[in-house]
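Structure assessment
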Amino acid sequence: MRLSVIGCGYVGLVTGACLAEAGHEVVCTDIDKQRIAQLQEGGVPIYERYLDKLLASARKAGRISYTADAGEAIRSGDVIFICVGTPPKPNGEADLSAIDHVARQIATEARSAKLIIEKSTVPARTGLELRRALTAYSRNSGLCFRVVSNPEFLREGTAIEDFFHPDRIVVGVEDEASANDMRQIYRPILERAFHCPVHNSTCPPGNAAALLVTTINSAELIKHASNSFLALKISYANVIADLCEKIGADVEEVTRAMGLDPRIGGQFLRAGLGFGGFCFPKDVQAFIHLAGTVGVDFDILKAAERVNKQRIERFFEKVRQALWVVKGKRVAVLGLAFKGNTDDIRFSPALEVVKELFREGAQVHASDPEAMPKVKALLPEVHYHQDPYEALRDAEAAMVCTEWDVFRDLDWERAGKLMARRLVIDGRNLYSPARMRQLGFEYYSFGRE
Ligand code: UDX
């Protein structure tokens, strides 16, 4: 099938690259002309494992192309994926102006009927509004646009794997024809008829993904309800960690045992600096806002958000306890991205830590495998080191903010010899407290003694 992708952010590029690998012909567009030029030259504007490989092979096979001309992209596809951003407004509500802009473009530029797929994360009822907008903007052409909601459940860092091996594919539709079209688009994924770049086509056997056909409103709600539930789980684990510290228990032991109950599940119970990124914080806010607009009390989610915001303060309680005075001290910050395996720094708790360190007058030496170029533009006063051991040299404390494997595997014996003081404040519970103490470190983490 010929597909168009509007919006070349991480969701748009991953969707485009994976669907091209699955055999479709994909044309991508974006209002950022520089981004399109970079993609046309073979560059990849974001770091996501396997994305470069997939885009290169799709390009070589002639299955993916890029254009800054949205009209050209719109006319070339029978199916249009809308993957534009929906950032939060100051009141938490999702800003849908980019979706409205795209609806107008589609209505004016299209010359034939299209299937419009809403992939951006949006509050419930957006799909219905989108259809209304498309009808209003195209009243002169009389073209018919069918709208589908197809939320993504892609985790940054494992987005390609998630796309090819989904737990579920949710399609919110208004008619059977749209459901059939969606089945056709995802058939290679459902039948595993693609070359998997993650497992090199030796994918572990697993249950085939379910394609769930729902209403548009339900599909939109599924996305927000899922992300908010996961955020709730993380905040729950963080409160348990605080409780463990007061009572003298070990949060890892507690959450591990909890997770063995299949009704709870072991994932998203890692305590620490809390959740960041462009999805959870904004989805939680948007969901609270949506509930408020229809008079439903979502206090439980407000509490999860509050707990998450307090994580930085909890971390600094440890910093002050350990360092006493922060002013003038040289500290190493390990990790800047909002989580490992990504260069995404949006709503990153690590950046909150760095900013607070500056407010308190520390000298910050930071290292992150991928996120440094993005942070440099925002925080030029940080000293950046590609090599984490260089960031640790002469530091009076190391602060671990992102769960990268390179930090997990760090040789602390070696690091200890380089540091001015053997002190680690671990915001991601990466190390064993006993082992760190054995190596002569003062070691602070969340919910463990
Ligand atoms: C999330 C959803 O998982 C994905 O399905 C959705 O479509 C997009 O949003 P992502 O934002 O990439 O994906 O990151 P995720 O892996 O979910 O982690 C979110 C944040 O929670 C990170 O900051 C991470 O460090 C934190 N986290 C995660 C915890 O603090 N503890 C955990 O146990 C798990």
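Refer to the structure printed above.
Summary of the structure given here. (Residues numbered from 1 in each chain as written. Predicted model: local features only at pLDDT ≥ 70, side-chain atom pairs only at ≥ 80, totals over all residues. Heavy atoms only, no water.)

**Observations regarding the overall build of the protein chain**
Counted only if it meets this: Strands here are runs of E lasting at least two residues and helices are runs of H or I lasting at least four, both read from the DSSP assignment and numbered beginning at the N terminus. Both definitions apply: the radius of gyration is a C-alpha atom measure, and the globule rule equals 2.2 Å times residues to the power 0.38. Each residue gets one of three labels from its accessible area relative to the maximum for its type: buried under 20%, exposed over 50%, partly exposed in between, using a 1.4 Å probe on protein chains only.
Assigned secondary structure in the protein chain consists of 19 helices and 14 strands. Since a compact globule built from 449 residues should have a radius of gyration of about 22 Å, the 23 Å found for the protein chain is in line with a globular shape. Dimensions along the principal axes, computed over C-alpha positions, put the protein chain at roughly 70 × 50 × 45 Å. Within the span of the protein chain, comprising 449 residues, buried residues form 55% of the whole.

**As for the pairing of strand β10 (residues 363-367)**
Here is the rule we go by: Between any two strands, at least two bridges found by DSSP are needed for them to pair. Here is how to tell: hold the view so the strands point away, follow the path from the first strand over the helix to the second, and if it runs clockwise the crossover is right-handed.
Counting buried positions along β10 yields four of five residues, so the element is predominantly enclosed. The pairing of strand β9 (residues 330-334) with β10 spans five bridges and is parallel. Paired with Ala 332 across the strands is His 365, a residue of β10. With helix α14 (residues 349-359) bridging β9 and the parallel β10, this β-α-β connection has right-handed handedness. Relative to strand β11 (residues 383-384), β10 runs parallel, the two being bridged by two bridges.

**Remarks on the sheet that holds strand β14 (residues 442-444)**
Selection rule: The criterion used for residue contact is that any of the two residues' heavy atoms lie within 4.5 Å. To obtain each axis, a line is fitted to C-alpha atoms, and for helices this fit is confined to the stretch in contact; angles are then taken between N-to-C directions over 0 to 180 degrees.
In space, the six strands of this open sheet follow the order β11-β10-β9-β12-β13-β14, with parallel pairing throughout. If you trace the sheet from one side to the other, it starts and ends with β11 and β14, each paired once. Relative to strand β13 (residues 423-426), helix α13 (residues 311-323) is tilted by about 170°, and along the sheet it contacts β9, β12 (397-400), β13 and β14.

**What to know about the site of the ligand**
Heads up, the condition is: Distances are taken per atom, and a residue is near a molecule or strand as soon as one of its heavy atoms is within 4 Å of it. Here a polar contact is recorded for every N or O atom pair within 3.5 Å, except that within protein the pair must consist of a potential hydrogen donor and a potential acceptor, and residues adjacent in sequence are included only if both atoms are side-chain atoms. Surface accessibility follows the Shrake-Rupley procedure with a 1.4 Å probe radius. Residue values consider only the protein chains on display as shielding. Note on residue categories: nonpolar means Ala, Val, Leu, Ile, Met, Phe, Trp, Tyr, Cys or Pro, charged means Asp, Glu, Lys or Arg, and polar means any other residue, Gly included.
Neighbouring residues of the ligand: 20 residues in total, closest Glu 156, Arg 270, Gly 276, Cys 279 and Lys 339. Here an oxygen atom of the ligand sits 3.0 Å away from a polar atom, N or O, in the main chain of Gly 276. For the ligand, whose free accessible area comes to 670 Å², the fraction covered by protein is 96%. The greatest single-element share of the shell around the ligand, amounting to three residues, is contributed by helix α9 (residues 216-247). In terms of residue class, the shell around the ligand is made up of nine nonpolar, three polar and eight charged.

**What about the packing of aromatic side chains?**
How two aromatic rings sit relative to each other is set out by the distance from centre to centre and by the angle between their planes. Test applied: Two aromatic rings from Phe, Tyr or Trp, using only the six-membered ring of Trp, form a pair when their centres are within 6.5 Å; if the ring planes differ by under 30 degrees the pair is stacked, by over 60 it is edge-to-face, and anything between is tilted. Only when the NZ of Lys or the CZ of Arg is both within 6 Å of the ring centre and within 35 degrees of the ring normal is a charge said to sit over the ring.
Per the counting criterion, the structure on display carries 12 aromatic pairs. Geometrically, the ring pair formed by Tyr 431 and Tyr 443 is edge-to-face, given 6.3 Å between the ring centres and 65° between the ring planes. With Tyr 431 in the loop between β13 and α19 (433-438) and Tyr 443 in strand β14, this pair connects stretches of sequence that are 12 residues apart. Of the two residues, Tyr 431 and Tyr 443, both sit in the buried class. Counting every residue linked through ring pairs, the aromatic cluster contains Phe 163, Phe 164, Tyr 186 and Phe 194. We note Arg 104 situated over the ring of Tyr 137; from NZ or CZ to the ring centre the distance is 4.1 Å. In this structure, Arg 168 is placed above the aromatic ring of Phe 153, and the distance from its NZ or CZ to the ring centre is 3.7 Å.

**Quick notes on the pairing of β13**
With burial as the criterion, each face of β13 is covered, one bearing Leu 423 and Ile 425 and the other bearing Val 424 and Asp 426. The pairing of β13 with β14 spans three bridges and is classified as parallel. Across the sheet, Ile 425 pairs through a bridge with Tyr 444, a residue of β14. Where the polypeptide runs from β13 across α19 and back to β14, its parallel neighbour, the crossover connection is right-handed.

**A look at helix α10 (residues 251-259)**
To keep it simple, the criterion reads: The arc in question is the one spanned by the directions pointing from the helix axis to the C-beta atoms.
Every buried residue belonging to α10 is among Val 251, Thr 255, Met 258 and Gly 259, and all of these are buried. Along the long axis of α10, the arc covered by the buried residues comes to 95°, so they all point the same way. Opposite the packed face of α10, turned more than 90 degrees from it, sit the exposed residues Glu 253, Arg 256 and Ala 257. If you follow the buried residues of α10, they end up packed against α9. Where α10 starts, the residue carrying a side-chain oxygen 2.7 Å from the main-chain nitrogen of Glu 252 turns out to be Asp 250.

**Description of the packing of α9 against helix α12 (residues 299-309)**
Put simply, the rule reads: Working definition: roughly parallel below 35 degrees, roughly antiparallel above 145 degrees, roughly perpendicular at 65 to 115 degrees, and oblique for all remaining angles. Left-handed describes a crossing in which the near helix is turned anticlockwise from the far one by less than a right angle; the clockwise case is right-handed.
α12 packs onto α9 with a crossing angle of 55° between their chain directions and a minimal axis gap of 9 Å. As far as their axial angle goes, α12 and α9 are oblique. For the pair α9 and α12, the sense of crossing is left-handed. Seen from α9, the contacting residues are Ser 228, Leu 232, Ser 235, Asn 238 and Val 239; seen from α12, they are Ile 300, Leu 301, Ala 304, Val 307 and Asn 308. Looking at side-chain class alone, the contact of α9 with α12 contains six nonpolar, four polar and no charged residues.

**Side note on the nonpolar core**
Short version of the rule: Grouping buried Ala, Val, Leu, Ile, Met, Phe, Trp, Tyr and Cys residues that are joined through side-chain atoms within 4.5 Å yields what is termed a nonpolar core.
Membership of the largest hydrophobic core comes to 56 residues, with the highest contact counts inside it found for Phe 315, Leu 336, Leu 357, Leu 392, Met 399 and Trp 412. If you tally residues by element for this core, the top one is α13, at six residues.

**So, unusual backbone geometry**
Of note, Phe 347 is a non-glycine position whose phi angle comes to about 50°, a positive value. On the secondary structure map, Phe 347 appears in the loop between β9 and α14. Phi is positive for Asp 394, close to 65°, though the residue is something other than glycine. Counting through the fold element by element, Asp 394 comes out in the loop between α16 (388-392) and β12. Given a relative accessible area of 45%, Asp 394 falls into the partly exposed group.

**Details of the pattern of salt bridges**
Counted only if it meets this: Between Lys or Arg on one side and Asp or Glu on the other, a salt bridge is scored when a side-chain nitrogen of the former is within 4 Å of a carboxyl oxygen of the latter.
Tallying each qualifying case throughout the model produces 30 salt bridges. One salt bridge in this structure joins Glu 129 and Arg 132, with 2.9 Å as the shortest N-O distance. Linking Glu 129 with Arg 132, this pair stays in helix α6 (residues 126-137), spanning three residues, or about one helical turn. For Glu 129, a relative accessible area of 43% corresponds to the partly exposed category. A relative accessible area of 55% places Arg 132 in the exposed class.

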